[in-house]
Amino acid sequence: MNSANSRELAGISVPDTPLVQRALDYARAECEPYLFNHVIRSWMFAERMGQLRNIDYDAEIVAVGALLHDLTLNERFNGPRRFEVEGADLARVFARQAGIDERRAQLIWDSVALNSTPSIGLHKETEVALCTAGICLDVVGLQYETIPAAEVARIVSEFPRLDMKRRMTRCFCHIAETRPETTYDNFVRDFGERYVPGYRVPSSVDMVSNTPFDE
């Protein structure tokens, strides 16, 4: 990262470019305060993981992917597709309008769409993997030990969690209640099964058994 195009945020060196500033402004406008802090922390964690691993990556793409990954995670969400895909489309529109080429725009789309699917996202391109790792660290503590505890503490101190566990759970339950068909094959299903009365998931076993082919 060119030091002339970087700044320090919560003790972490991050890119400071017009594109990143536009993404910050977009996230701030669309996200509740707790969620804005979450996407900032996710970005900080992703950046720091990349730095500690001493790997090459496109820091602007990591920034945009992390900052815009939860545009649709709110109690206004109404589908029709799973919230990560809807959010990924919004992030790609942002990227194209900012003049980003299609390869980089696709990396942003993947970073958003796969942010809650580490079994895939962590094995994608470096930028997608870093976004996934930073986001999952903040939400479920995945790879928590990879960043020094003092650095994690400073990031959380400067961008506090603001009751994120409860607030995020409410959003997931809203999605499971209002758009259950978008949750059957992903983690939101767990929130539906535990917290939403009457939530029922079609069985994959039944789907395979009832496929309309003679055998």
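Data block above holds the structure.
Just so it is clear, the structure is predicted and the values come from calculations on it, not from any experiment.

Thresholds, definitions, all that
- Residues numbered from 1 in each chain as written.
- Predicted model: local features only at pLDDT ≥ 70, side-chain atom pairs only at ≥ 80, totals over all residues.
- Heavy atoms only, no water.
- Pairing = 2+ DSSP bridges.
- Helix = DSSP H or I, 4+ residues; strand = E, 2+ residues; numbered from the N terminus.
- Salt bridge = Lys/Arg side-chain N within 4 Å of Asp/Glu carboxyl O.
- Expected span 1.5 Å × (residues − 1).
- Buried < 20%, exposed > 50% of the residue type's maximum accessible area, 1.4 Å probe, protein only.
- Phe/Tyr/Trp six-rings, centres within 6.5 Å; stacked < 30°, edge-to-face > 60°.
- Axes fitted to C-alpha atoms, helices over the stretch in contact; angles between N-to-C directions.
- Parallel < 35°, antiparallel > 145°, perpendicular 65-115°, else oblique.
- Contact = heavy atoms within 4.5 Å.
- Nonpolar A, V, L, I, M, F, W, Y, C, P; charged D, E, K, R; others polar.
- Left-handed = near helix turned anticlockwise from the far one by under 90°.

Pairing of strand β1 (residues 6-9) with strand β2 (residues 12-15) involves four bridges; the strand directions are antiparallel. Counterpart to Ser6 in the pairing with β2 is Pro15.

Moving on, we come to the pattern of salt bridges. Here the structure, examined in full by the defined rule, presents 20 salt bridges. Across the pair Glu86 and Arg81 runs a salt bridge, and its minimum N-O distance is 3.1 Å. For Arg81, the salt bridge is made with Asp89, and the minimal N-O distance between the two is 2.6 Å. One connected set of salt bridges, linked through shared partners, spans Arg81, Glu86, Asp89 and Arg92.

The end-to-end C-alpha distance of helix α2 (residues 33-53), which contains 21 residues, comes to 30 Å, matching closely the 30 Å that a straight helix rising 1.5 Å per residue would cover. Of all the 21 residues making up α2, 17 are buried; the element is thus mostly covered by neighbouring parts of the structure.

Let us look at the packing of aromatic side chains. According to the stated counting rule, one finds eight aromatic pairs in the structure shown. Centroid distance Phe83 to Phe187: 6.5 Å. Interplanar angle 70°. Geometry classified as edge-to-face. Here Phe187 lies in the loop between α9 (164-178) and α10 (188-195) and Phe83 lies in helix α4 (residues 83-97), a separation of 104 residues in the sequence. Judged by its relative accessible area of 2%, Phe83 falls in the buried class. Look at Phe172 and Phe187: their rings are 4.9 Å apart centre to centre, the planes differ by 90°, and that puts the pair in the edge-to-face class. Linking Phe172 in helix α9 with Phe187 in the loop between α9 and α10, this pair joins segments that are 15 residues apart in sequence. Of the residues examined, Phe172 reaches a relative accessible area of 6% and is grouped as buried. Exposure remark for Phe187: the relative accessible area of 24% places this residue in the partly exposed category. Chaining the aromatic ring pairs together yields one cluster made of Phe83, Phe172, Phe187, Phe191 and Tyr195.

For the rest of this paragraph, the subject is the packing of helix α1 (residues 18-30) against helix α3 (residues 59-67). Between two packed helices, the angle of one axis relative to the other and the distance separating the axes together describe the packing. Relative to each other, α1 and α3 sit at 5°, their axes nearing to 9 Å. Here α1 lies roughly parallel to α3, going by the angle between them. Facing Leu19, Val20, Ala23, Leu24 and Ala27 of α1, the residues of α3 in contact are Glu60, Ala63, Val64 and Leu67. Partitioned by chemical class, the residues of the contact of α1 with α3 number eight nonpolar, no polar and one charged.

Let us look at the packing of α1 against α2. Taken N-terminus to C-terminus, the directions of α1 and α2 make an angle of 150°; their axes are 9 Å apart at the nearest point. If you check the angle between α1 and α2, you find them roughly antiparallel. α2 is crossed by α1, and the crossing has right-handed handedness. Contacts between α1 and α2 pair Val20, Leu24, Ala27 and Arg28 from the former with Phe36, Val39, Ile40 and Trp43 from the latter. Of the residues contributing to the contact of α1 with α2, the split by class is seven nonpolar, no polar and one charged.

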